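Residues per chain, in single letters:
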Amino acid sequence: MRFELYRDAGGQWRWRLRVQNGNVVADSAEGYARREDCEHGIALVKQSGAAPTVDMTTRIA
């Protein structure tokens with residue numbers, strides 16, 4: 001897998017996570033005005049490996 005850092009058509013910084021077969025499995029979902037803020041978003045995702053998985057199908061809406 002790799003994180004790709006790029007600028008969108010509006011000039012905003014974005015990231016996407018691409019897997020070996022070329023598919024994008026995650027993206028920033030928002031643009032960042034500063035590259036540093038986009039890189040911080042990538043760092044947050046990298047740190048989220050210990051986040052728990054919550055099965056929302058067992059919760060009543």
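The model shown is predicted, which means the values in this text are computed figures rather than measured ones. (Residues numbered from 1 in each chain as written. Predicted model: local features only at pLDDT ≥ 70, side-chain atom pairs only at ≥ 80, totals over all residues. Heavy atoms only, no water.)

### Quick word on unusual backbone geometry
Then step 1. With phi around 60 degrees, Ala-29 is a residue other than glycine that occupies positive phi space.
Then step 2. Looking at the secondary structure, you find Ala-29 in the loop between strand E3 (24-27) and helix H1 (35-47).
Then step 3. On the basis of relative accessible area, Ala-29 is assigned to the exposed category, the value being 66%. (Helix = DSSP H or I, 4+ residues; strand = E, 2+ residues; numbered from the N terminus. Buried < 20%, exposed > 50% of the residue type's maximum accessible area, 1.4 Å probe, protein only.)

### Thoughts on H1
Then step 1. Between its first and last C-alpha atoms H1 spans 19 Å; for 13 residues at 1.5 Å apiece the expected length is 18 Å, and the two agree.
Then step 2. Along H1, the residues classified as buried are Cys-38, Gly-41 and Ile-42. End-on, the buried residues of H1 take up no more than an arc of 100 degrees, which puts them together on one face. Along H1, the residues that are exposed and aim more than 90 degrees away from the buried face are Lys-46 and Gln-47.
Then step 3. Buried-residue contacts for H1 involve strand E1 (2-7) and strand E2 (13-18). (Expected span 1.5 Å × (residues − 1). Arc of directions from axis to C-beta. Contact = heavy atoms within 4.5 Å.)

### What to know about the sheet that holds E1
Then step 1. Strand order in this open sheet of three strands is E1-E2-E3, and the pairing throughout is antiparallel. Among the strands making up the open sheet, the edge pair consists of E1 and E3. Between one strand axis and the next, the sheet turns by 30 degrees as a mean value, whatever way the strands run.
Then step 2. Bridge count between E1 and E2: six bridges; the pairing is antiparallel. Paired with Glu-4 across the strands is Arg-16, a residue of E2. (Pairing = 2+ DSSP bridges. Axes fitted to C-alpha atoms, helices over the stretch in contact; angles between N-to-C directions.)

### Concerning the environment of Arg-16
Then step 1. Relative to the helices and strands, Arg-16 is located in strand E2.
Then step 2. Of the residues examined, Arg-16 reaches a relative accessible area of 24% and is grouped as partly exposed.
Then step 3. C-alpha separation for the pair Arg-16 and Leu-5, spaced eleven residues apart in sequence, amounts to 6.8 Å.

### Regarding the pairing of E2
Then step 1. The turn linking E1 back onto E2 is made up of five residues, and Gly-11 within it adopts a positive phi angle of 90 degrees.
Then step 2. Between E2 and E3, which pair antiparallel and follow one another directly, the connecting turn spans five residues, one of which, Gly-22, has a positive phi of 95 degrees.

### Re the nonpolar core
Then step 1. Core analysis: the largest hydrophobic core is formed by six residues, namely Trp-13, Trp-15, Leu-17, Tyr-32, Cys-38 and Ile-42.
Then step 2. Elements supplying a minimum of two residues to this core: E2 and H1.
Then step 3. Take this core: its biggest share by element is three residues, from E2. (Core = buried A, V, L, I, M, F, W, Y, C linked by side-chain atoms within 4.5 Å.)

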